[in-house]
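As a plain string of letters, each chain reads:
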Amino acid sequence: MKKLIGILLLIVVLSLVSTAAYIYFSTKNAVDSMIESVQPFVSVKYQRFSNPMDGSISIHGVTVGDGYGSNIDVGSIELKMDSALDYINFEKKLTSGEILPKFQLQINHVYADLDFIKKIQDPTDKGAFEQVNAYIDALGCGDIESLGSEQLADLGYSGIDSSINVNFEYNKSLATVTMEFDYIMHGMSSFLIKTSIPYIYTAQDFANINNKVNNLVFELQDLGYNESIIEHCSLESKLERDAYIEQHLQALKSYLTKANVHLSDDLYAAYRAYFVDKAMLTFSSQPDSAVNLQYIDLYETKDWPTILGLSVAVNENPVSDLTFGWNKDTVVRNLLNAREGVELAKIDDNEARDPQTRRKQVFRNRAYFEIPVTNLDQYIKSDVKLETKLGKIYTGYIKGVTRSQVIVVIRLKGGKAEIPVGTNKIAKAFIYK
């Protein structure tokens, strides 16, 4: 009997060891395979892979190079799920559309120096919101007209050090996903977004543009960037700290008023607390019933607080007067034109809207037609949109097709890149005519 028990224990131990070995090597191979797939475009190296069998895996000391001597350094990338057993058949689960019940992804200390940032940015390709933000930051700052990424060195930064934390949880019985996205720019600022999305039954539901949200929380806090602006602009404007701050706030109010953007005194006070005192601003939307945010544009801005169940807090202290208003169709154009010393922005009403809205409008107007994946070889040099089984989308033109993959040329800021997409991974293919 003792011998039988000993044999059974040995079998259990061997099973556990083999399972642990399978999980370790399969997850490590998955990481190495993913890195290998991007090697034609970037160089990726890491120092150490870890799988402590507690449901987490991590890689440490990651370096991503562009092939031209510039690198991004990443302290660690960590993925954690409820159990180590969740990694068994992990790729199969994803390709089948199964939704993971819970996971946490952390990308810690992604560092890029200013030379790298300059290489990947096109100074002539600034979006409207980026221009407005850079102008607002420079209000009252002497002769300086803009404070953006090009001025980071003037503000005392040698690079950008960022971390990302994503928490995901799926309640299958309620068909509801809860997500939390935390982005930290160390020594600069941070923001946190939390939301819950109902009516999620399959992975494909995430791509549904008619998705609604039960609630939405956005938290914003300065971690030193505003203080750098205050110190720099006090010197540039040759004013004492408090005098510069008041000059900046008055210039901001005058600028927004000129752009026909109206905010209550309480909202200006909230901005002052954020800008000067590093106060945390929390914007919460708790509507009576789930809402589709893409239709919020149908309502006047003054009605948004009621429709969205909107509240604003400064360090958890509620803001009493949430009165605000602007012309949602022309607000961006008005903000661009209200800047001192610039020509009137020649953009139409569609261009004055949020860039994301513009992209959706362009997408609706484009004539894409679905074709069988097996027919892609008939459309060499044609514009194409490929949707993979994992939900990733590639838009470009077809350079070539083999039995196992499609070579898609996509456009980047710095030029073009050729992406090989396995035909067995393509769910849908669309040709632009």
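Residues numbered from 1 in each chain as written. Predicted model: local features only at pLDDT ≥ 70, side-chain atom pairs only at ≥ 80, totals over all residues. Heavy atoms only, no water.

Caption draft 1: Just the overall build of the chain, in detail. Along its length, the chain carries 10 helices and 20 strands. Counting all 433 residues of the chain, 38% fall into the buried class. Contacts in the chain between residues at least 24 apart in sequence constitute 56% of all its contacts with a sequence separation of at least 6. In the structure as shown, the chain presents an accessible area of about 25600 Å², 55% of it carried by carbon and sulfur atoms. (Helix = DSSP H or I, 4+ residues; strand = E, 2+ residues; numbered from the N terminus. Buried < 20%, exposed > 50% of the residue type's maximum accessible area, 1.4 Å probe, protein only. Contact = heavy atoms within 4.5 Å. Areas by Shrake-Rupley, 256 points an atom, 1.4 Å probe, with all protein chains shown as cover.)

Caption draft 2: Fine view of the pairing of strand S9 (residues 215-222). Note that strand S8 (residues 189-197) and S9 share 8 bridges and pair antiparallel. When the bridges of S9 are listed, Lys194 appears paired with Val217. The sheet contact formed by S9 and strand S11 (residues 281-285) spans 5 bridges and is antiparallel. The partner of Phe218 across the bridge, within S11, is Phe283. (Pairing = 2+ DSSP bridges.)

Caption draft 3: Geometry of the packing of helix H4 (residues 128-137) against helix H6 (residues 241-258). At a closest axis distance of 10 Å, the pairing of H4 and H6 adopts a crossing angle of 140 degrees. The orientation of H4 with respect to H6, classified from their angle, is oblique. For the pair formed by H4 and H6, the contact residues are Val132, Tyr135, Ile136 and Asp137 on the first element and Tyr244, His248, Leu252 and Tyr255 on the second. Considered class by class, the residues forming the contact of H4 with H6 number 6 nonpolar, 1 polar and 1 charged. (Axes fitted to C-alpha atoms, helices over the stretch in contact; angles between N-to-C directions. Parallel < 35°, antiparallel > 145°, perpendicular 65-115°, else oblique. Nonpolar A, V, L, I, M, F, W, Y, C, P; charged D, E, K, R; others polar.)

Caption draft 4: Up close: the side chain of Asp161. Tracing the backbone shows Asp161 in strand S6 (residues 159-171). Despite being buried, Asp161 has no salt bridge partner; Lys278 is the closest side chain of opposite charge, sitting 15 Å away. Among the polar contacts made by the side chain of Asp161, one reaches the side chain of His109 at a distance of 3.1 Å. Excluding residues that lie within four positions of it along the chain, Asp161 makes contacts with His109, Val110, Tyr111, Ile184, Met185 and His186. (Lys, Arg positive; Asp, Glu negative; His and termini not counted. Salt bridge = Lys/Arg side-chain N within 4 Å of Asp/Glu carboxyl O. Polar contact = N/O pair within 3.5 Å; in protein donor to acceptor, adjacent residues only side chain to side chain.)

Caption draft 5: Examining the pattern of salt bridges more closely. One pass over the full model with this rule turns up 5 salt bridges. Residue Glu246 is joined to Arg272 by a salt bridge in which the shortest nitrogen-to-oxygen separation is 3.1 Å. Taken together, the residues Glu246 in helix H6 and Arg272 in helix H7 (residues 265-277) connect sequence positions 26 residues apart. Overall, the relative accessible area of 39% leaves Glu246 in the partly exposed class. Classification of Arg272 as partly exposed rests on a relative accessible area of 31%. When the shortest N-O distance is used, the salt bridge between Lys253 and Asp265 registers 3.5 Å.

Caption draft 6: Region of the structure containing the confidence of the model for the chain. Here the chain averages 78 in pLDDT, and 74% of its residues register 70 or above. At the level of individual helices and strands, the chain shows its lowest average pLDDT in helix H10 (residues 355-365), which scores 44, and its highest in H7, which scores 95. For the stretch residues 1-23, pLDDT sits under 50, and the model shows 11 contacts to residues farther than four places along the chain or on other chains. Ignoring residues within four places in sequence, the model shows residues 345-366, a span with pLDDT below 50, making 25 contacts including any to other chains. (pLDDT = per-residue confidence, 0-100.)

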